[in-house]
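Here is what each chain is made of, one letter per residue.
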Amino acid sequence: MNILVTGGAGFIGSHLCDELITQGHKVVVVDNLILGRKENIAHLFSNPHFRFVQGDILDMPFFDAVFANTAFDCVFHLAANSDIQKGGNDPIVDYQLTFSTTFNVLQCMRKYQVKQLVFSSTSALYGETSDLLTENYGPLQPVSNYGAAKLASEAYISAFSANYGIQTWITRFPNVVGERFTHGVIYDFIKKLKKNPNELEVLGNGEQIKPYVYAKDLVSGILFVWENSHERFNVYNLGVSSRTKVKEIAQMVIRELKLNAKIVYTGGERGWVGDVPEFKYDLSKIHQLGWSAKYTSNEAVRLAIQKAIEYNKNGYPTI
Ligand SMILES: NC(=O)c1ccc[n+]([C@@H]2O[C@H](COP(=O)([O-])OP(=O)(O)OC[C@H]3O[C@@H](n4cnc5c(N)ncnc54)[C@H](O)[C@@H]3O)[C@@H](O)[C@H]2O)c1
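Residues numbered from 1 in each chain as written. Predicted model: local features only at pLDDT ≥ 70, side-chain atom pairs only at ≥ 80, totals over all residues. Heavy atoms only, no water.

J.: Got a minute to help me understand the overall build of the chain in this structure?
T.: Secondary structure summary: the chain contains 10 helices and 15 strands in total. Computed over C-alpha atoms, the radius of gyration of the chain comes to 19 Å, within 12% of the 20 Å expected from 2.2 N^0.38 for 319 residues, which places it in the range of a compact globule. With the principal axes as the frame, the chain shows a C-alpha extent of 55 × 45 × 40 Å. Here the contacts in the chain between residues at least 6 apart in sequence split such that 80% fall between residues at least 24 apart. Accessible area of the chain: about 13,700 Å², with a carbon and sulfur share of 48%. Positive and negative side-chain charges of the chain, numbering 31 and 31 respectively, have mean locations separated by a distance of 3 Å. (Helix = DSSP H or I, 4+ residues; strand = E, 2+ residues; numbered from the N terminus. Rg over C-alpha atoms; globule rule 2.2 N^0.38 Å. Contact = heavy atoms within 4.5 Å. Areas by Shrake-Rupley, 256 points an atom, 1.4 Å probe, with all protein chains shown as cover. Lys, Arg positive; Asp, Glu negative; His and termini not counted. Charge placed at Lys NZ, Arg CZ, Asp CG, Glu CD.)

Structure below.
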């Protein structure tokens, strides 16, 4: 298939490109590199089935030309703002990078009659609730601008899917960890400890508890949903059933780096504006379809820390 991956130079997108190329697809990546890195996909540049186009999805003449040049069979739309804190400080960030990018993808898909869309969504759209988060939970009340922009994206995707014949797979995932990460709790902790190996500042009280899924695991789940769910509009939670506390992650990072740093908590039950300190994710729908993650939350966290350290030793500019 001819596949467009938006945000393909990012953390998850680059792992997805690896897998799509391995499966024999032809992949075009569009990324403006505001958050992603060329290094994440550099190993694919010599592959004749892979093409990287640097540019901004919000620049419609540019983006339209990408669709005019290639007849895509499917779009994997991953481009978005991944700096949730930045989005909390400035609401325009998620409106543009998370929502408007989706709208532009849909407009081009409609114009060029691309029939399949796989969308990377998030647990953040469920908001803050102690209820079990199933795919049909509602009304949805996100508490971050990022979650709101993803919910708005899903709403437009639903309408375009109904009106213009775009078959859709929406996968909603929680925190994703692994090599090539561009952001997130492990990334932040390692960065802080590089600056000051004696002390680690943790945002909040460290009691925030969430599921963490390993990036390569997640990619296998996204592709599994795409290949095995055949409705016009398919929605799945993807992730792991287990969860890890932020304070445990801090301890694991310190241990793996062989440091003796003191952990200092800023206090309060959430790390930043829009942070959801705890949620329970229902995965029965994806388990019934036949997929479950290989690694537990703790295993994913430990593996991600080890990979980050390994990559840094090799001079990889992860952090
Ligand atoms: N990482 C997670 O924990 C997580 C959790 C749930 C959902 N998601 C979703 O998965 C997707 C990928 O996330 P990620 O963690 O790989 O983030 P990432 O920041 O590494 O990747 C996003 C990519 O999109 C690109 N991009 C952003 N705006 C663009 C624009 N206007 N034009 C072109 N490119 C643009 C960035 O440069 C970046 O390479 C996102 O949609 C994100 O919302 C991620």
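J.: In this structure, what is going on with the site of the ligand? I would like to understand it.
T.: Close to the ligand lie 32 residues; Asp-31, Ser-82, Tyr-146, Lys-150 and Thr-182 are nearest. Backbone polar atom of Gly-10 to an oxygen atom of the ligand: 3.2 Å apart, as the coordinates give it. The contact in question runs from a nitrogen atom of the ligand to an N or O atom on the side chain of Asp-56, over 2.8 Å. Summarising the interface, the protein chains cover 97% of the accessible area of the ligand, which totals 810 Å² for the free molecule. Residues that form the shell around the ligand fall into these classes: 16 nonpolar, 13 polar and 3 charged. (Near = heavy atom within 4 Å. Polar contact = N/O pair within 3.5 Å; in protein donor to acceptor, adjacent residues only side chain to side chain. Nonpolar A, V, L, I, M, F, W, Y, C, P; charged D, E, K, R; others polar.)

J.: Teacher, can you tell me more about the pattern of salt bridges here?
T.: When their charged atoms lie close together, side chains carrying opposite charge are able to pair. Following the criterion strictly, the structure yields 7 salt bridges and no others. When the shortest N-O distance is used, the salt bridge between Glu-154 and Arg-172 registers 2.6 Å. Here Glu-154, found in helix H5 (residues 145-164), pairs with Arg-172, found in strand E7 (residues 167-173); they are 18 residues apart in sequence, far enough to count as distant. The salt bridge involving Arg-243 is made with Glu-278; its shortest N-O contact spans 3.5 Å. With Arg-243 in the loop between strand E12 (233-237) and strand E13 (244-245) and Glu-278 in the loop between strand E14 (262-265) and strand E15 (280-281), the pair connects residues that are 35 residues apart, well separated along the chain. Where salt bridges share partners, they join Glu-207, Lys-245 and Lys-247 into one cluster. (Salt bridge = Lys/Arg side-chain N within 4 Å of Asp/Glu carboxyl O.)

J.: Just to check I follow, could you spell out the nonpolar core for this structure?
T.: Taken as a class, soluble globular proteins show a tendency for nonpolar side chains to be buried jointly. The biggest cluster of nonpolar side chains holds 67 residues, and the ones touching the most others in it are Val-5, Leu-20, Phe-50, Phe-76, Ile-186 and Trp-226. Both domain 1 (2-176 + 214-237) and domain 2 (177-211 + 241-310) contribute no fewer than three residues apiece to this core. Membership of the second largest hydrophobic core comes to 24 residues, among which are Ile-57, Ile-157, Phe-160 and Ile-170. (Core = buried A, V, L, I, M, F, W, Y, C linked by side-chain atoms within 4.5 Å. Buried < 20%, exposed > 50% of the residue type's maximum accessible area, 1.4 Å probe, protein only. Domains from an automatic or database assignment.)

J.: For this particular structure, what's the right way to read helix H6 (residues 185-195)?
T.: Among the residues of H6, Ile-186, Tyr-187, Phe-189, Ile-190 and Leu-193 are the ones counted as buried. Angularly, the buried residues of H6 cover 165° about the axis, an arc narrow enough to put them on a single face. (Arc of directions from axis to C-beta.)

J.: How should I be thinking about the packing of aromatic side chains in this particular structure?
T.: Two numbers describe a pair of aromatic rings. These are the distance of the centres and the angle of the planes. Applying the stated rule across the entire model yields 18 aromatic pairs. Ring plane angle 80° and centroid distance 5.2 Å describe the contact between Phe-63 and Phe-67, whose orientation is recorded as edge-to-face. A residue pair is termed a helical-turn pair when its members lie 3 or 4 positions apart in one helix, as Phe-63 and Phe-67 do in helix H2 (residues 60-69) at 4 residues. The exposure class of Phe-63 is buried, given its relative accessible area of 0%. The class for Phe-67 is buried, based on a relative accessible area of 2%. Measuring from ring centre to ring centre gives 6.0 Å for Phe-67 and Tyr-112, while their planes differ by 25°; the resulting arrangement is stacked. Residue Phe-67 is found in helix H2, and its partner Tyr-112 is found in the loop between helix H4 (92-111) and strand E5 (116-122); the two are separated by 45 residues along the sequence. For Tyr-112, a relative accessible area of 29% puts it in the partly exposed group. (Phe/Tyr/Trp six-rings, centres within 6.5 Å; stacked < 30°, edge-to-face > 60°.)

J.: What should I look at first to understand the environment of Ser-158 in this one?
T.: Structurally, the position occupied by Ser-158 is in helix H5. Given a relative accessible area of 32%, Ser-158 falls into the partly exposed group. Separated by 10 residues in sequence, Ser-158 and Thr-168 place their C-alpha atoms 8.1 Å apart. Discounting chain neighbours no more than four positions away, the residues touching Ser-158 are Arg-232 and Phe-233.

J.: What is the right way to read the sheet that holds E7 from this model?
T.: Strand pairing within a sheet occurs via backbone hydrogen bonds; the two strands may be parallel or antiparallel. With respect to topology, 7 strands assemble into an open sheet ordered E3-E2-E1-E4-E5-E7-E12, the strand pairing being parallel. The sheet terminates laterally at strand E3 (50-54) and E12, the two strands that pair on one side only. Recorded for the sheet is a direction-independent mean angle of 15° between the axes of neighbouring strands. Here 4 bridges tie strand E1 (residues 2-6) to strand E4 (residues 74-77), and the two strands are oriented parallel to one another. By the bridge assignment for E4, Thr-6 is matched with His-77. Its contacts with the sheet place H5 against E5, E7 and E12, and it is angled at close to 155° to E5. Docked against the sheet, helix H7 (residues 215-228) engages E1, E4, E5, E7 and E12, running at close to 150° with respect to E7. (Pairing = 2+ DSSP bridges. Axes fitted to C-alpha atoms, helices over the stretch in contact; angles between N-to-C directions.)

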